[in-house]
Amino acid sequence: MESSLAASGGLLVENTFGHRSIDALLSETERLVGSVSVAGFGGGKRLARPSLHLAPGRLVALAVDFVLTIALDLRSNVGHEKTTRWGGGRRNISRGSAAVQCRSLPRSPVTDTSRIRNFSIIAHIDHGKSTLADRMLERTGALEEREMRDQVLDTMDLERERGITIKAQSVRLDYSGPAGDFVLNLIDTPGHVDFTYEVSRSLAACEGAILLVDAAQGVEAQTLANAYLAIESGLEIIPVLNKLDLPAAEPERVAIELASVLGGDPNEVMRVSAKTGEGVDDLLAAIVERLPAPEGEADGELKALVFDSYYDTYRGVVCYVRVESGRLSTGDGLRFMATGEQQEADEVGVLTPSAEPVAVLGPGEVGYLITGVKEIDRIRVGDTVTRQSAPAAEALPGYLEPKPMVFSGLFPTDGDDFERLREALEKLRLNDTALVFEPESSRALGFGFRCGFLGLLHMEIVRERLEREYDLDLVATAPSVAFRVGLVGGGEIEIKSPQDLPDPTARTEILEPVVRVMIITPTEFTGTVMELLQQHRGVMGEMNYLSPERVELTYRVPLAEIVFGFFDQLKSRTRGYASLDYEPDDYSVANLVRVDILLNGVPVDAFSAIIHKDKAYEYGRKLVAKLREIIPRQMFDVPIQAAIGSRIIARETVKAKRKDVIAKCYGGDVTRKRKLLERQKEGKRRMKMLGRVEVPQEAFISVLQVDAD
Amino acid sequence: MLIEGTVLPDSVELAESAASRVAAYVHIPFCRQICSYCDFAVVAGTDLADRYVAAVCAEIEAAEPFPGRLSAVAFGGGTPTALGWRELERVLGAIEARFGFEADVEMSLEANPEDVTPAGVRNLRAAGFRRISLGVQSFDDAVLTALGRTHSADLARQAVATARGVFDSVSVDLIFGTPGETLESWRSSVSIALETGIDHLSTYSLTVERGTPLSRAVAAGAPEPDSDLQADEWLLATELAAEGGMIRYETSNHARPGHAVVYNLVTWGQGEYVAFGNAAHQHRDGVRSWNVRRVDRYLERIERGEGAESGREQLDRWESEVERVMLGLRRAAGVILGSAGERLLASERGGAALEAGILGVAGDRLMINRPLLGDEVSRALLALAPADC
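The shown structure was predicted, so the numbers you read here are calculated from the model rather than taken from an experiment.

**Some details on the overall build of chain A**
Regarding its fold elements, chain A presents 17 helices and 38 strands. Looking at chain A alone, contacts between residues at least 24 apart form 70% of all its contacts between residues at least 6 apart. Element-wise, carbon and sulfur atoms account for 48% of the exposed surface of chain A, whose accessible area totals about 28400 Å².

**Comments concerning empty space enclosed by the protein**
Empty space left among the atoms is revealed by rolling a probe the size of a water molecule over them. With the rule as written, the count across this model stands at five cavities of 30 Å³ or more. Looking at the second largest cavity, it is lined by 15 residues, and the ones nearest its centre are A:Lys673, B:Met326, B:Arg330, B:Gly374 and B:Ser378. Counting residues per element, the ones that place at least two in the lining of the second largest cavity are α16 (670-684) of chain A together with α12 (317-328) and α15 (374-382) of chain B. In terms of residues, the lining of the second largest cavity owes the most to one element, α15(B), which gives three residues. Looking at the lining of the second largest cavity residue by residue, the classes come out as nine nonpolar, three polar and three charged.

**Section: the side chain of A:His127**
Among the secondary structure elements, A:His127 is positioned in the loop between β6 (116-123) and α4 (129-139). Leaving out residues up to four positions away in the same chain, A:His127 has contacts with A:Leu212, A:Val213, A:Asp214, A:Gln217, A:Gly218, A:Glu220, A:Asn242 and A:Lys243.

**Description of a nonpolar patch on the surface**
Residue and element names in this part refer to chain A. Nonpolar side chains collect at one region of the surface, where Met540, Met543 and Tyr545 lie side by side and expose about 290 Å² of accessible area between them. Topologically, Tyr545 is positioned in strand β29 (residues 539-545). Judged by its relative accessible area of 53%, Tyr545 is exposed.

**Details of the sheet that holds strand β25 (residues 474-476) of chain A**
In sheet architecture, strand pairing relies on hydrogen bonds along the backbone and comes in two forms, parallel and antiparallel. Residue and element names in this part refer to chain A. Strand order in the open sheet formed by four strands is β23-β24-β22-β25, with antiparallel pairing between adjacent strands. Only two strands of the sheet have a single partner each, and these edge strands are β23 (436-442) and β25. On average, each strand axis in the sheet is tilted by 30° relative to the strand beside it, whichever way the strands run. Bridging between strand β22 (residues 406-412) and β25 involves three bridges; their strand directions are antiparallel. Each residue of the ladder has a partner; that of Phe411, found in β25, is Val475. Strands β22, β23, β24 (446-453) and β25 of the sheet are contacted by helix α10 (residues 418-430), whose axis makes an angle of about 15° with β24.

**As for the sheet that holds strand β17 (residues 365-368) of chain B**
Residue and element names in this part refer to chain B. In spatial order, the strands read β15-β17-β16; together these three strands make up an open sheet with antiparallel pairing. The open sheet terminates on both sides in strands that have one partner only, identified here as β15 (335-336) and β16 (359-362). Here β15 runs beside β17; their pairing, made up of two bridges, is antiparallel. Bridge pairing links Ile336 to Arg365 in β17.

**Some points on the packing of helix α3 (residues 85-99) of chain B against helix α4 (residues 118-127) of chain B**
Residues and elements named next belong to chain B. Packing of α3 against α4 brings their axes to within 9 Å, and their N-to-C directions diverge by 15°. One element, α3, and the other, α4, form an angle in the roughly parallel class. α4 is crossed by α3, and the crossing has right-handed handedness. Every residue of α4 that contacts α3 at Trp85, Leu88, Glu89 and Leu92 is listed here: Asn123, Leu124, Ala126 and Ala127. Residue composition of the contact of α3 with α4, grouped by class: six nonpolar, one polar and one charged.

**Quick notes on the pattern of salt bridges**
All names here are of chain A. Within the structure shown, the criterion is met by 57 salt bridges over all chains. Of the charged contacts in the structure, one is a salt bridge between Arg573 and Glu531, with a shortest N-O distance of 2.9 Å. Taken as a pair, Arg573 in helix α14 (residues 566-573) and Glu531 in helix α12 (residues 526-535) lie far apart in primary sequence, 42 residues in all. Residues joined in a network through salt bridges with shared partners are Glu250, Arg253, Glu257 and Arg550.

**Focus on the nonpolar core**
All names here are of chain B. Among the nonpolar cores identified, the biggest contains 73 residues, and Phe75, Ile95, Phe129 and Leu134 are the most heavily contacted of them. Of the residues forming this core, the biggest block, seven residues, is contributed by helix α2 (residues 49-62). Sequence-distant contacts of Leu134, that is, excluding residues within four places in its chain, are made with Ala111, Val116, Ala159, Val160, Ala163, Val170, Ser171, Val172 and Asp173.

**A word on the interface of chain A and chain B**
Facing 31 residues of chain A, the contacting portion of chain B comprises 43 residues. Contact between chain A and chain B buries roughly 3600 Å² in total, counting both sides, with carbon and sulfur atoms accounting for 53%. Of all residues in chain A, A:Met635, A:Arg658 and A:Lys659 bury the most surface against chain B, accounting for 23% of the area lost on that side. Inspection of the chain A/chain B interface yields eleven salt bridges. For A:Arg672, the salt bridge identified is with B:Asp39, shortest N-O distance 3.5 Å. The interface formed by chain A and chain B includes 15 residue pairs in polar contact (both at pLDDT 80 or more). Considering each element in turn, the side of chain A that touches chain B owes the most residues, eleven residues, to α16(A). When the residues that make up the side of chain A that touches chain B are grouped by side-chain class, the tally is ten nonpolar, five polar and 16 charged.

Cut-offs and rules
- Residues numbered from 1 in each chain as written.
- Chains lettered and ligands numbered in written order.
- Predicted model: local features only at pLDDT ≥ 70, side-chain atom pairs only at ≥ 80, totals over all residues.
- Heavy atoms only, no water.
- Helix = DSSP H or I, 4+ residues; strand = E, 2+ residues; numbered from the N terminus.
- Contact = heavy atoms within 4.5 Å.
- Areas by Shrake-Rupley, 256 points an atom, 1.4 Å probe, with all protein chains shown as cover.
- 1 Å grid on protein atoms, 1.4 Å probe; cavity = no way out; pocket = protein on both sides within 12 Å on 5 of 7 lines; lining within 4 Å.
- Points joined across faces, edges and corners; volume = space filled by probe spheres on them.
- Nonpolar A, V, L, I, M, F, W, Y, C, P; charged D, E, K, R; others polar.
- Patch = residues over 30% accessible without salt bridge, like charges linked within 9 Å, V, L, I, M, F, W, Y side chains within 5 Å.
- Salt bridge = Lys/Arg side-chain N within 4 Å of Asp/Glu carboxyl O.
- Buried < 20%, exposed > 50% of the residue type's maximum accessible area, 1.4 Å probe, protein only.
- Pairing = 2+ DSSP bridges.
- Axes fitted to C-alpha atoms, helices over the stretch in contact; angles between N-to-C directions.
- Parallel < 35°, antiparallel > 145°, perpendicular 65-115°, else oblique.
- Left-handed = near helix turned anticlockwise from the far one by under 90°.
- Core = buried A, V, L, I, M, F, W, Y, C linked by side-chain atoms within 4.5 Å.
- Buried area = accessible area lost by both parts, 1.4 Å probe.
- Polar contact = N/O pair within 3.5 Å; in protein donor to acceptor, adjacent residues only side chain to side chain.

Geometric descriptors of this kind do not, in isolation, establish any biological role.
Structure, rendered in structure tokens:
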């Protein structure tokens, strides 16, 4: 051990908690696990992932403050392949210190089911779910207060920035309350309508749910949709009002509203302030008291539900599992029942929230499972894990595969980046199975990918991540939905891109996807909301008064109508008070046409859209007007036309630029002028050449902003 | 009338011959007050003038002479006439002693109309200057006020008259596109300038430069120059100057025969020139280099006996070829096509510019018919992939 350390240049590592030397740390580790030697060093912030701990009896990993990982190789029986797996970036660390966190392992064996509560928090965006989760982690000591970063559960930068949760995660809380010690597994759910499918998979791992509602805002459509989903799944609900600390909070009113929606007594609605921590202890006690314990025989056949998964660069695919019955142990030979995949359980563990390996997960327990699988496609979320030796007869009910609803073409601005884009999409897909893509070629934009997304937010997130994390310059075409087209001579095809629409002579009908939209709005806006729905070809279903002040409207609306800015219009019409949820319904025949855009007389396929015939003229007129604003003046006049087939329905002209002397050249300073022009040339990189016309990227998205109101 | 797409043989000869000449530039950074649109390397007041003249002379004396003598010397600024004629004479003398002058050397300085007095111009002439360029900017008092100039249109008219009897060549600078200026006001300014009997007319479009009071005003909502109006104004000035017997030999410059500015043509012909003073840029031995921008730093460096150079660049052959075309296109005579010109015409954007009539070709020469779109062409040139040349 000493010699390895010396070889590494006398690394000094300090422990955050005690400022001990690496030697002290190593001796403690030795005391815990036997003799150790330093096997390798790995670097990079990716190592901050909680899954770095290795199976007991094999390796111990020390997570070194999000910067370094030192793998301590048990002298016993470990081959180097185990260490290189996550110590990939071996390098010599000569100087400096880092904070080390050392955990003992393993945990105590299987927890008695009566001592377990599994629950989710269902809440609307900004109703304080993440803050409440943080508070619970803090109260149960899962994280030291000083370790707390805000919103620990949201790991991706984007999530933190947007304040939303994209990927479901779970955390195990050790709770000591009036009724004794309990294990509480909090299973996080995403809060946006695009990610409903992730909600349902999280709920399937729970016995109960906290329905968290902002005491100032009241219940929102999506919360309600998720609450219904939870009730349908047989979950026990604890309604909770949050943000009691706000002056605008109206707990009495909202409690009555909640009770009227869910049934039950307004007095049973709990009240907390996640911000100040008020009421959180009572809530924890109520979770134990009011939510049922999981059932399941520890001696029964193994059935564990994979309710989520993600790809870790160092560990491969990490599954989040909920054991329904039987025991899931490290070293078990496992079988994934839907895929037939056979794998050994390299490591099972719990998330506290950092990953801690355990020997066994018993019934009702929630944790993670790492097998040898490296490709995320080979693990299906919703699958049931069982033991090879004593397989379960029947799998647990699974989930519907998430189905992309919105399609858009993504093209690199620089054609040479096509392969980089493919690689980036493949990497993103590792942790986002809902993302689908296939190569697409556009006359205007060259080679790219037609990508399918759950919704507009999902699309935006993917695009932003591609640009930010993979440094790609992209052009995204207007989103479209998938249409079904009946063909002359029989048969039906699905098209995901307007370009694929067969000629009118070759098709009999076009069917478009229709969704069931649920909107909750203050009653004063009922008229304007109904008008909006009507403009978007909505057909009224139901209208329920939740209270004298709030009404729930249910409509059938073509999906294409709500993917284009509908939500923004709804918000602006109701001053932000209305909320929306939708679910796919079916397909309906509609009178649709394709509106094409010609730039300088040449059709630009990327601008085409399939539009209802009654709206096509207005759409064409608005789009060409918009494009005229966005497309900068060029060296020549650029006509912009909208056409249905060969018929021009609108026209605008971008007048030729007449003067473009921005960079002066004086006093012989030729260098400055050249550099200014070079910089401007760089700016042009964000332009796309369509024929001879330079088109800025935002033009492609402008198609979105044309509302046909 | 405006002559498009044709090249006058005389102007070609003039343009091409200038490229082989050498010139000198002296920067005089002092101004009585700084104009709102100006982002030149200038300072208000003349407190540092004595030290500055000494420093410039020291810099000149330390410079390496050219093999040949100078064909042109230009004093620009700032306001050269913020210095007294004796100081200017001293600098001019230092240049002559170091570099030597051709017999027909062009000795030119910029001046503000306020500084043009009968005695003052006689002294400048006696000091050796043969050409004067007056920063009139406009003959419309409202426009002068908008630009923050301190002279009136009448004073400017008198200044031109005073200078005309004394110098061999008198030029007027006008600025077009000042917000509030109309095409008619501009027509009147140009006409008055031409009526005064000048030999040379420079017309510059007002541009909003970063960091100037003007750009702050624009950012705060003040009107910007209207580029379409500026295009009309440029055309009008070119037409009026042509009617007045002048030829537009360069994007912004019009001259009676024999009055084209050699110093200008050296710059656009990618010729070599030395330059002295703060922020001065020179081009010699294929290297472009420039002095520190701030006057105080410049003085410190020179007074410590160090050079004042703050940066330099050496272009490779392709970059230099691109630059040759980029600069040469400023001239009405255009530029010999060469490899960059050929490649430009073969490129998508260059081809579009040719088709749109922005570029023209006559024999082996490429020229720009609509010089106000010159930056567009320059960008297309800079975007070309490097090639052997």
